[in-house]
Amino acid sequence: MIVVTGANGQLGRLVIKHLISKVDASEIVAAVRTPEKASDLAALGVQVREADYSKPETLKKAFEGAEKVLLISSSEVGQRTQQHRNVIDAAKNEGVSLIAYTSLLHADISPLGLATEHIETEKYLKENKVPFVLLRNGWYTENYLASVAPSIEHGAFIGSAGEGQISSASRNDYAEAAAVVLTSEEPQAGKVYELAGDESYTLADLAAVISRETGKQIPYVNLPQNEFKEALIGAGLPEPFAALLANSDAGASLGGLFDDSSELSGLIGRPTKNLSEMIKAIIA
């Protein structure tokens, strides 16, 4: 039995889609905070169980009979370390044979502020001597695609990544990789996968693709980190989230989102989704 935590999220749902193509749906548990929102998963034959990272009592029940657990990192930055520890403790107590954790690309050396809680979680996994595999996911291309429409509207794509190379991949690519690892017949405990897209680009390159696909001149405007944060707040983003995105862009300028190992495409057995194709689909 494979338990996918955070299964109502975008990544979790995609992981389950790929798992269903590999194992019987009855062997999959969608662990979710609100089971009522996962009725469509239940209709596919997947077991749906309540699991709140902040409520250990729900985790114990959610992991009953589990062989493997995919711990999808919490979205609640600042609370994630304790939440992840709750999940790890519950999985360990149930005697699972493997915990797969979605960490951050090169978390141990990453300049991104986001890395802190991932490093703390990785450390806790090691200290507790539970069998685990690290899926160190790079940036989701979708993170930047959300800015395509505003860049067209305002005539510029803004950021703080400078000339940093970004090796992003689609959320679906990372989800498929997780499903491959969870169903692999090869031992996975102790492995660390640095997962990133096959192609790397700067935000200026991204803006050039938007320009080409729209026929409009959309330049990339690089801003100091704090100015970018303020611009995001002005666009309606909450201050903590704006600060996180600005910090991540600044980290990208230092190489924090670059990787050319092709481990992701190697796992899924195909090239990762092309940036131009994704932008073209958004514009269409």
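Everything below is about the structure shown above.
Residues numbered from 1 in each chain as written. Predicted model: local features only at pLDDT ≥ 70, side-chain atom pairs only at ≥ 80, totals over all residues. Heavy atoms only, no water.

*Asks:* Explanation requested: the pairing of strand 6 (residues 132-137) in the structure shown.
*Replies:* Sheet faces and side chains relate simply in a regular strand, where the side chains alternate between the two faces. Burial of strand 6 is extensive: 6 of the 6 residues sit out of reach of the surface. Burial along strand 6 is two-sided: the residues Phe132, Leu134 and Arg136 and Val133, Leu135 and Asn137 are all buried. Bridge count for strand 5 (residues 98-104) against strand 6 is 6 bridges, and the pairing is parallel. Looking at the pairing, leucine 104 lines up with asparagine 137 of strand 6. The parallel pair strand 5 and strand 6 is bridged by helix 5 (residues 115-127), and the resulting crossover is right-handed. Here strand 6 pairs with strand 8 (residues 192-195) via 4 bridges, running parallel. Directly across from arginine 136, in strand 8, lies its bridge partner glutamate 194. (Buried < 20%, exposed > 50% of the residue type's maximum accessible area, 1.4 Å probe, protein only. Helix = DSSP H or I, 4+ residues; strand = E, 2+ residues; numbered from the N terminus. Pairing = 2+ DSSP bridges. Right-handed = clockwise from strand over helix to strand, strands pointing away.)

*Asks:* When you look at the sheet that holds strand 3 (residues 47-50) in this model, what are you seeing that I'm missing?
*Replies:* Sheet strands line up and pair through hydrogen bonds in the backbone, either parallel or antiparallel. Taking strand neighbours across the sheet as the criterion, the 7 strands line up as 3-2-1-4-5-6-8 in an open arrangement whose pairing is parallel. On the outer flanks of this sheet lie strand 3 and strand 8, each paired with one strand and no other. Strand-to-strand twist of the sheet, defined as the mean angle between neighbouring strand axes without regard to direction, takes the value 20°. Against the sheet, helix 1 (residues 10-20) makes contact with strand 1 (2-5), strand 2 (28-32), strand 4 (68-71), strand 5 and strand 6, and its axis sits at roughly 160° relative to strand 1, the strand it touches most. This element, helix 4 (residues 80-93), spans strand 1, strand 4 and strand 5 of the sheet and lies at about 180° to strand 4. (Axes fitted to C-alpha atoms, helices over the stretch in contact; angles between N-to-C directions. Contact = heavy atoms within 4.5 Å.)

*Asks:* Help me understand the packing of helix 4 against helix 5 in this model?
*Replies:* Packed helices, taken two at a time, are described by the angle between their axes plus the distance between the axes. Packing of helix 4 against helix 5 leaves a shortest axis separation of 9 Å and a crossing angle of 25°. When the axis of helix 4 is compared with that of helix 5, the two are roughly parallel. Both helix 4 and helix 5 take part in a crossing whose hand is right-handed. Across the interface between the two elements, Arg80, Thr81, His84, Arg85, Ile88 and Asp89 from helix 4 touch Glu117, His118, Glu120, Thr121, Tyr124 and Leu125 from helix 5. By residue class, the composition of the contact of helix 4 with helix 5 is 3 nonpolar, 4 polar and 5 charged. (Parallel < 35°, antiparallel > 145°, perpendicular 65-115°, else oblique. Left-handed = near helix turned anticlockwise from the far one by under 90°. Nonpolar A, V, L, I, M, F, W, Y, C, P; charged D, E, K, R; others polar.)

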